[in-house]
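# Close look at the chain arrangement
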Amino acid sequence: MAEQEFDYIVVGAGTAGCLLANRLSADPANRVLLIEAGGRDNYHWIHIPVGYLYCINNPRTDWCFRTEADPGLNGRSLIYPRGKTLGGCSSINGMLYIRGQSRDYDGWAEATGDDAWRWENCLPDFMKHEDHHRLDAGGDADAAHRDYHGHGGEWRVEKQRLKWQVLDDFATAAVEAGIPRTRDFNRGDNEGVDYFEVNQRSGWRWNTSKAFLRGAEKRDNLTLWHSTQVLGLELGRGGEAGGGQPRCTGVRVERGGKAITVQAGREVILSAGAIGSPQLLQLSGIGPGDLLREHDIPVVHDLPGVGENLQDHLQIRSVYRVKGARTLNTMANSLVGKAGIGLEYLLKRSGPMSMAPSQLCAFTRSSDEYAHPNIEYHVQPLSLEAFGQPLHDFPAITASVCNLNPTSRGTVRIKSADPRQAPAIAPNYLSTPEDRKVAADSLRVTRRIAEQPAFARYSPEEVKPGLEYQSDDDLARLAGDIGTTIFHPVGTTRMGRDDDPMAVVDARLRVRGVAGLRVVDAGVMPTITSGNTNSPTLMIAEKAAGWILGGA
Ligand SMILES: Cc1cc2nc3c(=O)[nH]c(=O)nc-3n(C[C@H](O)[C@H](O)[C@H](O)COP(=O)(O)OP(=O)(O)OC[C@H]3O[C@@H](n4cnc5c(N)ncnc54)[C@H](O)[C@@H]3O)c2cc1C
């Protein structure tokens, strides 16, 4: 028996879900329910930027998934963080504000046959919710800035509040190696080097819960159920008017230890992320028929693309031991250094505790074969063996590089019909010759930068992967040893044309063949963006909100 009915049910209060809940409930006539499996975002480490290190792999804030052993990573399995709290991944992510390249969105328009996805038609959706620091009173915006950036929206973008000489010099070395300086990565062509801009406000993390939910939560027509896991979708058959196709009528949830059903008069919108949304579809009988039958799940709609097409950026982390530089390794490994870091944050909200996990950014090409930047750098004044392990006890930096347009494809597939069991996540990194070649070449680009005069003054020693490795084969294999996710899974419920059998949703993000159901999250990207994926996901949600409210 349904206990309650709403017009819209949004599943997942993450990046996309918080924006959607805000926009859909702006009209008091809409009764909106937002459901989140995780708890409130009241853990202090969510808000102190460096606390990202303590939120990852912490069950209070993370689903704590792991990948399957990955052949491209020489059999390693990775931790695969996904935010589980209000704000979702935006509560535990690196806060880096990057939109990608115009060609990414033009590619989506080609893939769907819908010009709504062209860059020029996405730009207004990025700008609509933006609050860019350079447009503040007294900001240093140039004349063209207003053509690309918004001000006064909910999504705050700021400059980082830190300075690292060793990173300034790495940036100069990048310029010496032929990468131009840029002041703005977000105008459609992101080639260049500069510090990242971040989603922070005055030195605190700015997640989507603060941005979109806090104010909206007071509305009488928005109901928030946190600490409530959605177990599956309620699916019926539409009448003759609906052509007899399946219709999503609500969701089943576990709330306070009880299983209950809630109904949606208009739509259920899945915003459970690129892992959670395909899992829920499969559990509910919408997915590859063979997989569902394997788990004795009745096939409601055979949709073979659900959980396929997983794409992610693999970051390949070169570590350089340096001489004569201040790095976080040495500061954080001494008591005086630690005290100084704490004090600087307390007094000024600046310094290492205000630090996003990566500070310096560069977009460039792995080789002349590429007409556009196909690799991205995240450079950090620190080094460690692996996430979760202590910093090295010697001064070092990490230059992490990732292939922006990988051709490897992975999968997300349920392991059982039990919603509490994590799905099998198999990214299949480095599984194509092109990805292995880009990995090898990008390590060579890192070496070229490190050799330049501006950086050579630190006498850099390549600790990882090690200069003894030079051939394509060796470098690709080593990339498998030192590579790890940069946390950007997308594509598992991808959009596409009506005649594309592997498309899960249409260009307006409606699940193909099922009425009353949309997916709005990072999973709908047909191809991964050339950059970090949070703000592109917000753009998707902004566009979708317009369609949902407009009845499209
Ligand atoms: C550690 C980390 C660092 C990152 N760094 C950056 C960065 O610096 N910049 C950047 O642009 N991107 C970054 N990303 C990626 C970016 O944050 C994501 O691409 C983006 O947040 C995805 O948004 P989403 O709405 O698709 O999913 P999410 O934000 O993951 O939201 C999904 C929500 O659904 C909830 N949910 C899932 N299943 C259920 C269920 N069954 N019932 C109820 N609720 C459910 C989840 O708990 C979650 O809150 C990072 C991600 C991580 C994890």
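Throughout, residues of each chain are indexed from 1 in the direction in which the sequence is written. Per-residue local features are limited, in this predicted model, to residues with pLDDT of at least 70; the limit for side-chain atom pairs, both in listing and counting, is 80 or more; totals at the level of whole chains, interfaces and linings are taken over all residues.

In the nomenclature of an unreviewed UniProt entry, the chain is known as Choline dehydrogenase of Halomonas ventosae. UniProt positions are given in the numbering used here, feature names are shortened, and annotations may be inferred rather than shown by experiment. The Cofactor (unreviewed entry) comment attached to the chain in UniProt states, word for word, "FAD".

### A short note on the overall build of the chain
Labels follow the DSSP assignment, with helices taken as runs of H or I lasting at least four residues and strands as runs of E lasting at least two, numbered in each case from the N terminus. What the chain contains, in helices and strands, is 16 helices and 25 strands. For this measure, only C-alpha atoms enter the radius of gyration; the expected value for a globule follows 2.2 Å times N^0.38, where N is the number of residues. Taking 2.2 N^0.38 as the reference for a compact globule, 552 residues should give roughly 24 Å; the C-alpha atoms of the chain span a radius of gyration of 23 Å, in line with that estimate. C-alpha extents for the chain along the principal axes are approximately 75 × 50 × 45 Å. Whether a residue is buried, exposed or partly exposed is read from the other C-beta atoms within 10 Å of its own C-beta, which are placed from the backbone; 20 or more gives buried, 12 or fewer gives exposed, and intermediate counts give partly exposed. Relative to its 552 residues, the chain shows a buried fraction of 55%. Our contact criterion uses C-beta atoms placed from the backbone: two residues qualify when those atoms are within 7 Å. If you take every contact in the chain between residues at least 6 apart in sequence, the share linking residues at least 24 apart comes to 70%.

### Brief notes about the sheet that holds strand β8 (residues 197-198)
Strands are labelled as partners when DSSP assigns at least two bridges between them. Within the open sheet, the three strands sit side by side as β5-β6-β8. Their pairing is mixed. Edge strands, defined here as strands with exactly one partner in the open sheet, are β5 (130-132) and β8. With three bridges joining them, β5 and strand β6 (residues 155-159) adopt parallel strand pairing. Note that in β6 the partner of His132 across the bridge is Val157.

### What about the UniProt feature "binding site: FAD" (unreviewed entry) in the chain?
With numbering aligned to this structure, UniProt lists the feature "binding site: FAD" (unreviewed entry) at Val230. Structurally, Val230 is set in strand β12 (residues 229-237). Leave out the neighbours within four places in its chain, and Val230 touches Val11, Ile35, Val251, Val253 and Leu280.

### Focus: the UniProt feature "domain: Glucose-methanol-choline oxidoreductase N-terminal" (unreviewed entry) in the chain
Here the UniProt feature "domain: Glucose-methanol-choline oxidoreductase N-terminal" (unreviewed entry) sits at residues 273-287. With 73% helix and 13% strand, residues 273-287 has its two end C-alpha atoms placed 16 Å apart.

### Section: the environment of Leu162
Within the secondary structure layout, Leu162 lies in the loop between β6 and α7 (165-176). The exposure class assigned to Leu162 is partly exposed, which follows from the 19 C-beta atoms found within 10 Å. Taking the C-alpha atoms as reference points, Leu162 and Gln359, 197 residues apart in sequence, are found 8.9 Å from one another.

### Some details on the packing of helix α1 (residues 15-25) against helix α16 (residues 534-549)
At a minimum axis distance of 9 Å, the contact between α1 and α16 shows a crossing angle of 30°. Overall, the two elements α1 and α16 adopt an arrangement that is roughly parallel. Where α1 crosses over α16, the two elements pack in a sense that is right-handed. Residues Thr15, Ala16, Leu19, Leu20, Arg23 and Leu24 of α1 form the contact with α16, whose participating residues are Asn534, Thr537, Leu538, Ile540, Ala541, Glu542, Ala544, Ala545, Ile548 and Leu549. A breakdown of the residues in the contact of α1 with α16 according to their chemical character gives 11 nonpolar, three polar and two charged. The axes are straight lines fitted to the C-alpha atoms, using for helices just the contacting stretch, and the angles between their N-to-C directions are given from 0 to 180°. Oblique is the label for every angle not falling under 35 degrees (roughly parallel), over 145 degrees (roughly antiparallel), or within 65 to 115 degrees (roughly perpendicular). Note on convention: the crossing is left-handed when the near helix lies turned anticlockwise from the far helix by less than a right angle, right-handed when the turn is clockwise. In this classification, the charged set is Asp, Glu, Lys and Arg, the nonpolar set is Ala, Val, Leu, Ile, Met, Phe, Trp, Tyr, Cys and Pro, and all remaining amino acids, among them Gly, are polar.

### As for the site of the ligand
Using a C-beta atom placed from the backbone, a residue is described as near a molecule or strand when that atom lies within 6 Å of it. Close to the ligand lie 42 residues; Gly12, Gly14, Gly88, Gly94 and Asn532 are nearest. Contributions of two or more residues to the shell around the ligand are made by α1, β12, α9 (273-283) and α16. For the shell around the ligand, the element with the highest residue contribution is α9, accounting for four residues. Among the residues forming the shell around the ligand, the class breakdown is 18 nonpolar, 20 polar and four charged.

### Here's the deal with the packing of helix α13 (residues 433-450) against helix α15 (residues 472-482)
Packing of α13 against α15 leaves a shortest axis separation of 8 Å and a crossing angle of 95°. Taken together, the axis directions place α13 and α15 in an arrangement best described as roughly perpendicular. Packed against α13, whose contacting residues are Arg436, Lys437, Ala439, Ala440 and Leu443, the element α15 presents Asp472, Leu475, Ala476 and Ala479 at the interface. Considered class by class, the residues forming the contact of α13 with α15 number six nonpolar, no polar and three charged.

### Let's talk about the pairing of strand β17 (residues 314-321)
In the case of a regular strand, side chains alternate between the two sheet surfaces. Most of β17 is tucked away: eight of the eight residues are buried. Two elements, β17 and strand β24 (residues 483-485), share three bridges in a ladder whose sense is antiparallel. Bridge pairing links Leu314 to Thr485 in β24. Pairing geometry for β17 and strand β20 (residues 396-403), over seven bridges, is antiparallel. Directly across from Ile316, in β20, lies its bridge partner Val401. Strand direction decides the pairing type here: β17 and strand β23 (residues 461-464), joined by three bridges, are antiparallel. Bridge pairing in β23 links Tyr320 to Glu462.

### Topic: the nonpolar core
Throughout this description, the term nonpolar core refers to a group of buried Ala, Val, Leu, Ile, Met, Phe, Trp, Tyr and Cys residues whose C-beta atoms join them within 7 Å. Ranked by internal contacts, the top residues of the largest apolar core, which has 144 residues, are Ile9, Val11, Leu20, Ala21, Val268 and Val520. Leave out the neighbours within four places in its chain, and Ala21 touches Val10, Ala13, Val32, Leu34, Leu213, Ala216 and Leu222.

### Quick look at unusual backbone geometry
Looking along the chain, the bond that leaves Lys464 and enters Pro465 is cis, with omega of 0°. Relative to the helices and strands, Pro465 resides in the loop between β23 and α15. Residues other than glycine seldom take positive phi values, yet Leu430 does so here, at roughly 55°. With respect to the helices and strands, Leu430 occurs in the loop between β22 (424-426) and α13. Residue Leu430 is classed as buried on the basis of its C-beta count, with 26 C-beta atoms lying within 10 Å.

### Here's the deal with α1
Structural remark: α-helix, 3.6 residues per turn; residues separated by three or four positions point the same way. Most of α1 is tucked away, with 11 of its 11 residues classed as buried. Among all positions in α1, only Thr15, Ala16, Gly17, Cys18, Leu19, Leu20, Ala21, Asn22, Arg23, Leu24 and Ser25 are buried.

### A word on the environment of Lys464
Structurally, the position occupied by Lys464 is in strand β23. Using a count of 19 C-beta atoms within 10 Å as the deciding quantity, one classes Lys464 as partly exposed. Residues within four places of Lys464 in sequence aside, it is in contact with Arg317, Ser318, Val319 and Ile482.

### Side note on the environment of Pro49
Along the chain, the position of Pro49 falls in the loop between α2 (44-47) and α3 (52-55). Since 28 C-beta atoms lie within 10 Å of it, Pro49 is described here as buried. Distance in space between the C-alpha atoms of Pro49 and Leu162 is 12 Å, their sequence separation being 113 residues.

### Considering helix α4 (residues 102-112)
Of the positions making up α4, those classed as buried are Asp104, Tyr105, Gly107, Trp108 and Thr112. One face of α4 carries all of its buried residues, which in axial projection span an arc of 150°. In this fold, the buried residues of α4 make contact with α5 (119-128). Once α4 finishes, Gly113 follows within two positions and takes phi at roughly 75°, a positive value. Within this analysis, the arc is defined by the directions that extend from the helix axis to the C-beta atoms.

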